[in-house]
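Spelled out from the first residue to the last, the chains are:
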Amino acid sequence: MSVSPEIIVVGAGIVGAACALDLTREGLRTTVIEEGAPGAGTTAAAMGHIVVMDDSEAQFALTRYSQILWDELRGELPLNVEFENCGTIWVAADDEEMAEVRRKADYYQERGVRAEILSPASLREAEPHLRPGLAGGLLVQGDGVLYPPCAAAFLLHRAQELGAKVLLGKKVTNVGKGAVRLADGSALKANIVINATGQLAPRLTPGLNIRPRKGHLVITDRYPGTVRHQLVELGYLKSAHSLSSDSVAFNVQPRKTGQLLIGSSRQYGDENRAVDANILSRMLRRAFEYVPGLKGISGTRVWAGFRPATPDKLPLIGPAASDPSIYIAAGHEGLGITTSLGTARLVTAQILGQRPAIPMEPYLPTREMAVEHHNA
Amino acid sequence: MSDTRQFAFGVVVIGGGPAGIAAAIAAAESGARVALLDDNPRPGGQIWRGGPGAVHRADAGSWFERLERSAVTKIYGARVFSAGDGFVEAESDEAVLRVNYRSLVLATGARERFLPFPGWTLPNVMGAGGLQALVKSGLPIEGKRVIVAGTGPLLLAVGAYMKEHGAKVLCICEQTTWTKFMGFGLRMTLLPGKIREALQLKVQIRGIPYRTNCWPVSATGSDRLESVRISDGGEIREIECDYLACGFHLVPNLELPRLIGCRVEGDFVQVDEMQRTSVANVYCAGEPTGIGGLDLSLAEGRIAGHAAAGNEDAARKLGPRRASYRKVVPLMAEAFRLRSELKRLARADTLVCRCEDVPFERMKNFDSWRAAKLQTRCGMGPCQGRVCGPATEFLFGWRVDSARPPVFAVKCSSLAEMAVGAGESRQ
Amino acid sequence: MRDSAAREVTVRVNGRPVSVPAGASVAVAVLLAGRTCRTSVTGEARAPLCGMGTCFECRVTINGEAQRRSCQTLCQPDMEISAHE
């Protein structure tokens with residue numbers, strides 16, 4: 001290997017773009033190859049939240065670290081990235097969920113994340129369009145939203161300015177053994193390859209435990225002020241989104257444009273990109289239960305996309321078991337927009353042999369995964 | 001209002017313009033149980049639009065009477081936003097209508113093509129058909145100064161209509177050349193009934209300056225339109241006016257045919273001599289199969305209606321009529337082809353996508369509609385690219401060819417009523 | 001043949017009463033009131049373009065319901081319409 005290795009990042013979704021920027025910043029010679037347009041895959045299908053999550057310590061560590069990195073970048077984000085620090089309110093429907101609010105509040109506060117418990121009255125004041133009778137909520141002030149395709153394009157453009165090469169419209173068919181081979185028959189030299197192709201990552205690196213998990217979203221016309229914070233039901237954790245079956249959960253985001261983004265659904269085993277009317281209906285009805293006024297507002301578009309899901313809900317970040325010159329940066333499921341920046345830091349630190357800011361072991365592709373995928 | 005009403009008909013016709021009306025009547029005559037759905041509050045489509053300011057052409061009147069007398073179930077104010085195997089779904093003010101069919105006739109018509117030029121977003125700059133529709137809907141136009149501009153035979157009809165309603169039509173600006181325009185006119189007069197129509201129109205527009213090689217360059221005004229600059233035979237002239245009625249011919253409404261999976265080639269839905277599309281039991285008539293005007297739409301509508309009702313003999317008899325009017329399609333396309341100068345009207349800051357206010361300079365460097373959409377949000381607004389899509393096809397050569405439900409923005413409660421199988425292409 | 005225009009309907013546009021011929025669209029009432037329809041994303045005043053329900057430039061709030069296409073909606077007595085200020 002020469003002093004400065006040749007690095008090729010495959011995939012210009014938000015994770016690939018973030019990796020390219022981080023590597024280039026460190027002075028590493030980096031080329032990005034993307035089959036389609038930047039940020040046009042799972043990135044374009046995503047909601048775009050920048051959130052801290054506490055499903056596991058490792059998930060918290062990566063989301064928290066990444067959120068801090070986004071905050072550092074905030075001043076540089078162009079307007080079209082539409083970053084908005086709207087905060088998240090975890091909405092509790094009953095006393096059981098309020099108990100979870102208190103647990104979550106303690107968890108966040110112990111770890112230095114600002115979080116405020118909302119009484120039913122303060123919840124109503126914060127979000128007048130939520131239905132009456134809810135038990136309260138947890139406001140996490142530091143969370144935000146952005147527009148993912150422009151965020152990916154911004155990161156990629158910044159990498160280009162610092163010297164990264166970007167090849168668009170090129171399909172990679174094969175990686176490893178010091179090269180990247182393209183569908184047009186040509187090959188590019190690469191000491192290190194970063195597989196950042198999301199749900200498609202197992203195609204280039206067989207054996208990766210990543211499966212597509214389908215999700216639906218609805219975007220509305222502009223209704224500024226209808227919803228002010230990202231709203232997520234706490235039932236999200238207990239009833240919905242189990243690992244094995246189709247599920248829906250109430251999740252609405254206010255966009256900087258005044259539009260509302262309504263989610264969310266999760267399905268395994270459906271690899272058809274078409275909208276599934278049945279799950280869409282369930283998803284919307286769930287949202288109407290929380291914000292009845294959503295019924296009458298105009299929905300402009302509906303789409304479905306695929307999240308790259310892993311059995312333990314943590315991404316794969318680090319050298320592949322099969323070939324240590326191939327780094328995986330994939331499997332971010334529904335948190336890739338948030339965790340893209342943290343992922344990029346971990347990958348760079350690993351390549352440079354530096355000690356990363358957070359422990360990297362929970363995300364290594366070679367880790368044991370406690371939970372296996374269930375068949376849908 | 002989140003409930004669904006189910007209906008079932010032998011033949012369902014989408015679109016209440018001439019092609020749809022003719023199809024519905026023909027299907028009913030051939031013995032089918034027929035429903036006619038239209039988004040507008042009244043039948044007529046664009047050319048026969050009704051309203052307090054509408055004056056019906058004599059031919060329209062007899063078709064409306066036949067429609068009224070027929071057994072066709074007429075459902076107005078219903079926007080079809082989704083479709084699946086054997087059904088369409090429409091949103092009305094009260095409910096979602098799930099209309100099951102054995103045969104479907106798509107008569108979705110056409111809309112005007114709009115092109116961006118500085119000032120085109122000012123209030124009172126409208127489509128040519130757009131201003132006519134507003135006048136039919138009750139907008140007083142008497143004494144107003146109107147410039148009609150763009151391209152296509154619609155400009156003459158609109159000029160005549162405005163004059164008849166007391167407007168001062170200052171000028172009709174047609175971008176095509178005099179030679180092309182006259183060539184088209186002469187070829188058209190060879191078709192049955194067209195000489196009389198042409199002469200009538202000539203009388204109606206008497207006194208209105210008709211300029212070829214002429215197009216709008218910019219529109220100005222402080223809070224609404226005050227004047228228009230036109231390029232007239234190579235010279236720039238500025239004319240003060242109250243309305244600019246400007247449309248660049250027509251583009252077919254292909255969103256629903258595409259959603260259903262009908263094969264589209266070039267710009268049009270492919271049909272056979274029975275108006276059958278590539279999808280079984282789905283027929284298409286009128287402008288979506290080729291921009292050919294009223295007589296062709298009526299002929300195609302009747303064929304589609306009879307054929308959809310299983311009466312292919314009656315449909316076949318109309319074949320020669322369809323064939324003669326079908327000749328209009330290539331003539332019209334050639335005569336009103338857009339000149340390349342029109343690609344240079346938009347300045348860097350001229351908005352191309354009016355829903356999302358995306359200027360020309362932010363769009364010009366993308367190489368596809370999809371990439372531009374994702375990065376600039378063009379075409380992502382409530383019109384779903386119906387305005388900027390055709391404009392960018394002309395300006396940048398992009399193709400807009402995807403369709404998924406909803407093909408019209410509808411209430412979220414209506415989206416929640418969408419049936420399983422909606423949007424699954426049957427191609 | 002002319003549709004009956006004998007009767008008139010009164011609606012309110014931004015609080016001000018406007019009389020229109022029966023059967024007139026809300027878009028017509030807004031223009032007769034001397035108003036424009038929606039405010040664009042960057043703050044421009046917009047008025048109808050296509051007149052046939054496809055361009056969505058004529059959106060207004062009707063009886064409290066935002067983002068309605070005024071060219072596709074007929075005036076009803078006592079309708080409250082709010083348009084670009």
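Right, let's walk through the structure included here. Computed from a predicted structure; not experimentally measured.

With that settled, consider the packing of aromatic side chains. The full count for this structure, using the stated rule, is 11 aromatic pairs over all chains. Pairing F181(B) with Y210(B) gives two aromatic rings, centres 5.0 Å apart and planes at 40°, and the pair type is tilted. In this pair, F181(B) sits in helix α5 (residues 178-189) while Y210(B) sits in strand β11 (residues 210-211), placing the two residues 29 residues apart along the sequence. Taking the relative accessible area as the measure of exposure, Y210(B) reaches 18% and is therefore buried. An aromatic cluster is built from F60(A), Y107(A) and Y108(A), whose rings are joined through pairwise contacts. The positively charged end of R111(A) is found above the aromatic ring belonging to F60(A), 5.9 Å away from the centroid. Residue placement shows R354(B) over the ring face of W120(B); its charged tip is 4.6 Å from the ring centre.

Turning next to the environment of A403(B). Residue and element names in this part refer to chain B. Examined against the element boundaries, A403 turns out to sit in the loop between α14 (388-396) and β22 (410-411). Assessed through its relative accessible area of 27%, A403 is described here as partly exposed. Expressed as a C-alpha distance, the spacing of A403 and I260, which sit 143 residues apart in the sequence, is 8.9 Å. Leaving out residues up to four positions away in the same chain, A403 has contacts with E255, R258 and L259.

Often, the extent of an interface is quoted as the loss of accessible area upon association of its parts. Taken together, the contact between chain B and chain C spans 46 residues of the former and 40 residues of the latter. When chain B packs against chain C, the two sides together hide about 3,400 Å² of surface, and 56% of this comes from carbon and sulfur. When the area that chain B buries against chain C is broken down by residue, the three leading residues are P52(B), R354(B) and D357(B), summing to 16%. The tally of links between chain B and chain C comes to 4 salt bridges. Residues D357(B) and R46(C) are paired through a salt bridge, measuring 2.8 Å at the closest nitrogen-oxygen approach.

Let us look at the packing of α5(B) against helix α11 (residues 328-335) of chain B. Residues and elements named next belong to chain B. The geometry of α5 relative to α11 is characterised by a closest axis approach of 9 Å and an angle of 165° between their N-to-C directions. By the criterion of interaxial angle, the relationship of α5 to α11 is roughly antiparallel. The element α5 and its partner α11 pack so that their crossing is left-handed. Contact with α5, carried on its side by K180, F184, R187 and M188, involves V328, L331, M332, E334 and A335 of α11 and no other residues of that element. Taken together, the residues of the contact of α5 with α11 break down into 6 nonpolar, no polar and 3 charged.

Residues and elements named next belong to chain C. Overall, mixed pairing links the 5 strands, which are arranged β2-β1-β7-β5-β6 in an open sheet. Looking at which strands have only one partner, the edges of the open sheet turn out to be β2 (16-21) and β6 (65-69). Geometrically, the sheet is characterised by an average inter-axis angle of 40° between neighbouring strands, direction not taken into account. As paired strands, strand β1 (residues 8-13) and β2 are joined by 6 bridges and run antiparallel to one another. Across the sheet, the residue bridging to V9 is V20, located in β2.

The rules behind the values
- Residues numbered from 1 in each chain as written.
- Chains lettered and ligands numbered in written order.
- Predicted model: local features only at pLDDT ≥ 70, side-chain atom pairs only at ≥ 80, totals over all residues.
- Heavy atoms only, no water.
- Phe/Tyr/Trp six-rings, centres within 6.5 Å; stacked < 30°, edge-to-face > 60°.
- Helix = DSSP H or I, 4+ residues; strand = E, 2+ residues; numbered from the N terminus.
- Buried < 20%, exposed > 50% of the residue type's maximum accessible area, 1.4 Å probe, protein only.
- Lys NZ or Arg CZ within 6 Å of the ring centre and 35° of its normal.
- Contact = heavy atoms within 4.5 Å.
- Buried area = accessible area lost by both parts, 1.4 Å probe.
- Salt bridge = Lys/Arg side-chain N within 4 Å of Asp/Glu carboxyl O.
- Axes fitted to C-alpha atoms, helices over the stretch in contact; angles between N-to-C directions.
- Parallel < 35°, antiparallel > 145°, perpendicular 65-115°, else oblique.
- Left-handed = near helix turned anticlockwise from the far one by under 90°.
- Nonpolar A, V, L, I, M, F, W, Y, C, P; charged D, E, K, R; others polar.
- Pairing = 2+ DSSP bridges.

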